[in-house]
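The primary structure of each chain is shown beneath.
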Amino acid sequence: MTHWDEDKRARPLVGQYIETLKPYVPGKPIEELRRERGIQGEILKLASNENPLGPSPLALEAARAALLEGHLYPDGAAFVLRNRLSEYLGVDMARIVSGNGSNELLELIVRTFATSADHAIVSEHSFIVYRIILKSMNVPFTVVPAAADMGHDLVAMARAARSNTRLVFVANPNNQTGTYNGRAELEAMLSILAERPDPPLVVMDEAYFEFADAEDYPDSSRYQGLYPRIVALRTFSKCYGMASFRVGYAVATEEVAGYLHRVRAPFNTNRIGQLAAAAALDDEDFLRRTLELNRVERARVSAALSDMGLEVVPTQANFVLCRTPLLASDLYDKLLDRGIIVRPLDGYALDHHVRISFGTPPQNNRLIEALREVLSP
Ligand SMILES: *Cc1c(COP(=O)(O)O)cnc(C)c1O
């Protein structure tokens, strides 16, 4: 082996777009907080919008059975899951693509439909993963300023389209704000984009779809007739309590789904996740309990936070964004001392905002108590 002289290399190991990439910062894991601060009691994680009821019991039962076949490769076509989804959604199976979480589908979409010669559009205060993926593939993008409610300004996003715009990302309801865009707004955006010679693919990230109960909330899996280049992304991570199983899916036209199937890895979703997710769709009781809990606690926690003087952004999801008089990093730190993990957004130019997931009633009571202590003068 000869001497390795890095200075002699003509070309850096990675492109500038990788060199400057900042990794996604997930919610702090419970184990990490325990190690770092030696906290003894129960740690409450309200930072990643997970289901406080745990996984669907029917999903768990199916997962246990699937473990016994862990030596076999999964069904690459995920037939059981896609067939069950097809029945559940009332759309042809050929229009459904399953992914290793909807996160993988986001990546697959960028890889399939865009290159560094193209352009994408995202909104301010939306899911940061879109930008990380675009940047990792060197696809240029525009960040369109948020609307007055901090959510997406869909018409402004449509107007930001250029001749080479291939992708528009919309989170609905939006993470990090909990805001949503209604049918009229979505249709206004689509009619502007439909005028373009090459309409971009509109990616509707509906990770919180099931939690949204606004009367005019649009189901984007029904819009392909109006605007064929629209994709709905859903996940089992949030309302079905299956974040670790890593299963999400896309609903698109057969054409769009067909391209995604060509590009995806042969075994992109695992057997345990596929079968557990298919079973979760039958667990109507679990879904009903999850949504009822969230509906009640969303109203109660939002009101309690407002009463404390926090500015609360109205939410359609299972979390709430609020503005605090303290710096987000200070509030976060003081709650960590009390064994509670929330999500500070100071890394995203929101120095005074934190995002808090809703837990069970006792968990939320603990959060409210701790906030009262921390915010009292
Ligand atoms: C949680 C979340 C996802 C992805 O979740 P997966 O676990 O990868 O399915 C996607 N988009 C948004 C906006 C989310 O909040």
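First things first, this report covers the structure right here in the doc. Just so you know, these numbers come straight off a predicted model, no measurement behind them.

## Details of helix H9 (residues 254-263)
Residues of H9 that are buried: Val256, Ala257 and Leu260. Down the axis of H9, the buried side of the element spans an arc of 95°, and every buried residue falls inside it. Set apart from the buried face of H9 by more than 90 degrees, the exposed residues are Glu254, Glu255 and Arg262. In this structure, the buried side of H9 is in contact with strand S2 (96-99), helix H5 (101-113), strand S6 (201-205) and strand S7 (230-235).

## Overview of the site of the ligand
Taken together, Gly101, Ser102, Asn103, Phe127, Asn175, Asp205, Ala207, Tyr208, Thr235, Ser237, Lys238 and Arg246 are the residues near the ligand. Note that an oxygen atom of the ligand is positioned 2.8 Å from one of the side-chain N or O atoms of asparagine 175. One nitrogen or oxygen atom from the side chain of serine 237 is found 2.6 Å from an oxygen atom belonging to the ligand. Protein contacts shield 93% of the accessible area of the ligand, which totals 390 Å² for the unbound molecule. It is H5 that provides the largest number of residues to the shell around the ligand, a total of three residues. Among the residues forming the shell around the ligand, the class breakdown is three nonpolar, six polar and three charged.

## Focus: the sheet that holds strand S5 (residues 165-171)
What the seven strands build is an open sheet, ordered S2-S8-S7-S6-S5-S3-S4; its pairing is mixed. Since the sheet does not close on itself, it has two edges, and those belong to S2 and strand S4 (141-144), each with one partner. Going from strand to strand, the sheet's axes swing by 20° on average, the running direction of each strand aside. Here S7 runs beside strand S8 (residues 248-251); their pairing, made up of four bridges, is antiparallel. Considered in S8, the bridge of alanine 232 is made with valine 251. Packed on one face of the sheet, H5 meets S2, S5, S6, S7 and S8 and runs near 155° to S7.

Conventions and cut-offs
Residues numbered from 1 in each chain as written. Predicted model: local features only at pLDDT ≥ 70, side-chain atom pairs only at ≥ 80, totals over all residues. Heavy atoms only, no water. Buried < 20%, exposed > 50% of the residue type's maximum accessible area, 1.4 Å probe, protein only. Helix = DSSP H or I, 4+ residues; strand = E, 2+ residues; numbered from the N terminus. Arc of directions from axis to C-beta. Contact = heavy atoms within 4.5 Å. Near = heavy atom within 4 Å. Polar contact = N/O pair within 3.5 Å; in protein donor to acceptor, adjacent residues only side chain to side chain. Areas by Shrake-Rupley, 256 points an atom, 1.4 Å probe, with all protein chains shown as cover. Nonpolar A, V, L, I, M, F, W, Y, C, P; charged D, E, K, R; others polar. Pairing = 2+ DSSP bridges. Axes fitted to C-alpha atoms, helices over the stretch in contact; angles between N-to-C directions.

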